[in-house]
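# Structural overview
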Amino acid sequence: MEAAAPAGQAPAAASKLSEVVGAALQDPRRQRRLVLVIVCVALFLDNMLYMVIVPIVPYYISAANEKPTPTSKVNEPILPPTTLVNASASTANTSVSSTAATPAVSTVQPHHPEDSEDVKIGALFASKAILQLLVNPLSGTFIDRMSYDLPLLMGLGVLFASTVMFAFAEDYATLFAARSLQGLGSAFADTSGIAMIADKYPEEPERSRALGLALAFISFGSLVAPPFGGFLHRFAGKPAPFLVLATVSLLDALLLLAVAKPFSAAARARANLPVGTPIHRLMLDPYIAVVAGALTTCNIPLAFLEPTIATWMRHTMAASELETGMAWLPAFVPHVLGVYLTVRLAARYPHLQWLYGAFGLAVIGASSCLVPACRSFAPLVVSLCGLCFGIALVDTALLPTLAFLVDVRHVSVYGSVYAIADISYSVAYALGPIVAGHIVHSLGFVQLSLGMGLANLLYAPVLLLLRNVGLLKRSRSERDVLLDEPPQGLYDAVRLRERPVSDQNGAPGSPPGPFDECEDDFNYFARS
């Protein structure tokens, strides 16, 4: 009897613990903090997976090229990225071995496989952004109709499958399929995650702070991924880094299931909310178009420099492999500093978000123009730090602005508007790995850097068109109006729009702004 008592108390204790945990998860404040953690981990994983293959992918492609062929001895590429000293030594050895067989062409043939390897790596990196670019218009509409938790769970599931494919891939075709599959998962996970943050944090400065934290996790994932992947690949085997990321992705999905319960009756009820503004109508909004253009412009230098700067460093300053790998490492600090500074300024002066973004574009433009003038490692690091600092300013200032524009000009459902933001990023990162190399070969690295810097400097004054956005008043949710309760979830995505100005017929309108002449065209398309 005494032995049976503890056995009978165990289920009761477990049931009580489950009730306590369930009650904690139902608390709106704790729940949205857990949601923020889940989204930050998802964004961290996506960027880790994007960058973790940087030190690993040459081994994959080289292994595929080492299959026996009639010219395998001549066309064997160099496995790891090489310094100028290693490159000259290997070229000499290759030419000596090939002279015995084909002396007439031995000095030319070794260069072809290296060029082919660069093309393959560029296409591999661009495939994610290209598929993400194609899927985002559909994923944004799907997120608006299905709420945010289910698409996020789907995205994590696809990222898990993609990571497992990377772990066991043995050829380039499987790598390409895994990378493309990651783009599909990112189109759902990234967009729904950012949209969920905007919905759970409807008020400033909490929204800017939460989105800034998400951006910091994105930067941190991109920073630690290459050394993380290279270390585990060397000491634990090729599948090790991907299996670790797959495990974390699975745990993040399980935590999302416990917190959001996307298959519960409450989740199905949330999915029956009115649908948000269609993505094509949001694209016609001139304010949203200006923000999307700024997000694309500010990310072009980073997307174009990443695949080209290592080669330029080796030829210009005889940089070692360690220096080319460490060039971006210090940039994490100014990026986090830019996020923190913008969040603090937005809390005190929220109507100047456009100014923070314009200043960030100017910093990016100046830093990009300074990069080709650097002839040593230290000045180059300073220029790259300025580049990442400016990107942090633009992203942290304009991502909350997109949510604010939807709040005051459309229905406050954020899937489609952040799909537009994801499209803006994808345009830059789809073109970068493919186009940047061709521009460098045809025009030169100096012209590429100066052109990108000039584009950012010219776009900075365009953000003056957003200076009146701060005059728009935030709408109050239906719950605030009828029940006088604070916002508590996705239900508050249904907003009652309050406009400070009315037209002659008493219809709500926007305050005077630079796009007054565009309003009639926009309203025409909106009614149709």
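Residues numbered from 1 in each chain as written. Predicted model: local features only at pLDDT ≥ 70, side-chain atom pairs only at ≥ 80, totals over all residues. Heavy atoms only, no water.

In the annotation of an unreviewed UniProt entry, the entry for the protein reads Solute carrier family 18 member 3, and the organism field reads Catagonus wagneri. In its Subcellular location (unreviewed entry) section, the UniProt entry covering the protein states "Cytoplasmic vesicle, Secretory vesicle, Synaptic vesicle membrane". In UniProt, the protein has this text filed under Sequence similarities (unreviewed entry): "Belongs to the major facilitator superfamily. Vesicular transporter family." (UniProt positions renumbered as here; feature names shortened; annotations may be inferred.)

Once that is clear, we can look at the overall build of the protein. The secondary structure content of the protein amounts to 21 helices and four strands. Per-residue burial for the protein yields a buried fraction of 49% across its 528 residues. Partitioning the intrachain contacts of the protein with sequence separation of at least 6 by distance along the chain shows that 82% fall at a separation of at least 24. Put simply, the protein shows about 24200 Å² of open surface, and 67% of that area lies on carbon and sulfur atoms. (Helix = DSSP H or I, 4+ residues; strand = E, 2+ residues; numbered from the N terminus. Buried < 20%, exposed > 50% of the residue type's maximum accessible area, 1.4 Å probe, protein only. Contact = heavy atoms within 4.5 Å. Areas by Shrake-Rupley, 256 points an atom, 1.4 Å probe, with all protein chains shown as cover.)

What follows is about the side chain of Asp190. Along the polypeptide, Asp190 turns up in helix α7 (residues 172–200). Among residues more than four places away in sequence, those in contact with Asp190 are Leu43, Asp46, Gln132 and Asp422.

With the rule as written, the count across this model stands at ten aromatic pairs. Geometrically, the ring pair formed by Phe44 and Phe217 is edge-to-face, given 6.4 Å between the ring centres and 85 degrees between the ring planes. Of this pair, Phe44 sits in helix α2 (residues 28–51) while Phe217 sits in helix α8 (residues 206–235); the two residues are 173 residues apart in sequence, bridging distant segments of the chain. Overall, Phe44 belongs to the buried group, its relative accessible area being 18%. On the basis of an interplanar angle of 85 degrees and a centroid distance of 6.5 Å, the ring pair of Tyr50 and Tyr429 is categorised as edge-to-face. Taken as a pair, Tyr50 in helix α2 and Tyr429 in helix α18 (residues 415–442) lie far apart in primary sequence, 379 residues in all. Through a chain of ring-to-ring contacts, three or more aromatic side chains come together here, namely Phe44, Phe217, Phe220 and Phe332. Its guanidinium or amino end placed over the ring of Phe125, Arg179 lies 5.2 Å from that ring's centre, counting from NZ or CZ. (Phe/Tyr/Trp six-rings, centres within 6.5 Å; stacked < 30°, edge-to-face > 60°. Lys NZ or Arg CZ within 6 Å of the ring centre and 35° of its normal.)

Turning next to the confidence of the model for the protein. Per-residue confidence for the protein gives a mean pLDDT of 78; residues scoring 70 or more make up 71%. Below a pLDDT of 50 lies the segment residues 68–113, which in the model reaches 37 contacts outside its immediate sequence neighbourhood of four places, other chains included. Across residues 506–511, confidence stays below pLDDT 50; counting only partners more than four residues off in sequence or on other chains, it has 17 contacts. (pLDDT = per-residue confidence, 0-100.)

Here we come to the packing of α8 against helix α15 (residues 332–348). Where α8 meets α15, the closest approach of the two axes is 10 Å, and the angle between their N-to-C directions is 175 degrees. Accordingly, the angle class assigned to the pair α8 and α15 is roughly antiparallel. Packed against α8, whose contacting residues are Ser208, Arg209, Gly212, Leu215, Ala216, Ser219, Phe220 and Leu223, the element α15 presents Phe332, His335, Val339, Val343 and Ala346 at the interface. By residue class, the composition of the contact of α8 with α15 is eight nonpolar, four polar and one charged. (Axes fitted to C-alpha atoms, helices over the stretch in contact; angles between N-to-C directions. Parallel < 35°, antiparallel > 145°, perpendicular 65-115°, else oblique. Nonpolar A, V, L, I, M, F, W, Y, C, P; charged D, E, K, R; others polar.)

It is worth spelling out the pattern of salt bridges at this point. Per the counting criterion, the structure on display carries five salt bridges. Between Arg409 and Asp285 there is a salt bridge, with its nearest N and O atoms 2.8 Å apart. Of this pair, Arg409 sits in helix α17 (residues 377–409) while Asp285 sits in the loop between α11 (279–284) and α12 (286–305), and the two are 124 residues apart along the sequence. Each member of the pair, Arg409 as well as Asp285, is classed as buried. (Salt bridge = Lys/Arg side-chain N within 4 Å of Asp/Glu carboxyl O.)

With that settled, the discussion passes to the environment of Gly325. For Gly325, the position within the fold is in helix α14 (residues 321–326). Of the residues examined, Gly325 reaches a relative accessible area of 55% and is grouped as exposed. Taking the C-alpha atoms as reference, Gly325 lies 9.3 Å from Pro55; in sequence the two are 270 residues apart.

Let us now look at a nonpolar patch on the surface. A surface patch of nonpolar side chains, amounting to about 350 Å² of accessible area, comprises Leu250, Leu251, Leu254 and Leu257. Along the chain, Leu254 falls in helix α9 (residues 240–260). With a relative accessible area of 47%, Leu254 lands in the partly exposed category. (Patch = residues over 30% accessible without salt bridge, like charges linked within 9 Å, V, L, I, M, F, W, Y side chains within 5 Å.)

Take α15 next. With 17 residues, α15 extends 25 Å between its outermost C-alpha atoms, agreeing within 8% with the 24 Å of an ideal straight helix rising 1.5 Å per residue. Those residues of α15 lying buried are Pro334, His335, Gly338, Val339, Thr342, Val343 and Ala346. In this structure, the buried residues of α15 make contact with α8, α16 (353–370) and α17. (Expected span 1.5 Å × (residues − 1).)

Moving on, we get to the environment of Val135. By secondary structure assignment, the location of Val135 is in helix α5 (residues 111–146). If we ignore the near neighbours within four places in the chain, the residues touching Val135 are Leu184, Ala187 and Phe188.

Cis peptide bonds are those with omega within 30 degrees of zero, and the linkage from Glu204 to Pro205 qualifies with 5 degrees. Here Pro205 shows up in the loop between α7 and α8. One non-glycine residue with positive phi stands out, namely Ser147, at about 70 degrees. Along the chain, Ser147 turns up in the loop between α5 and α6 (149–168). Positive phi values are uncommon outside glycine, yet Ala318 reaches one of about 50 degrees. For Ala318, a relative accessible area of 54% gives the class exposed.

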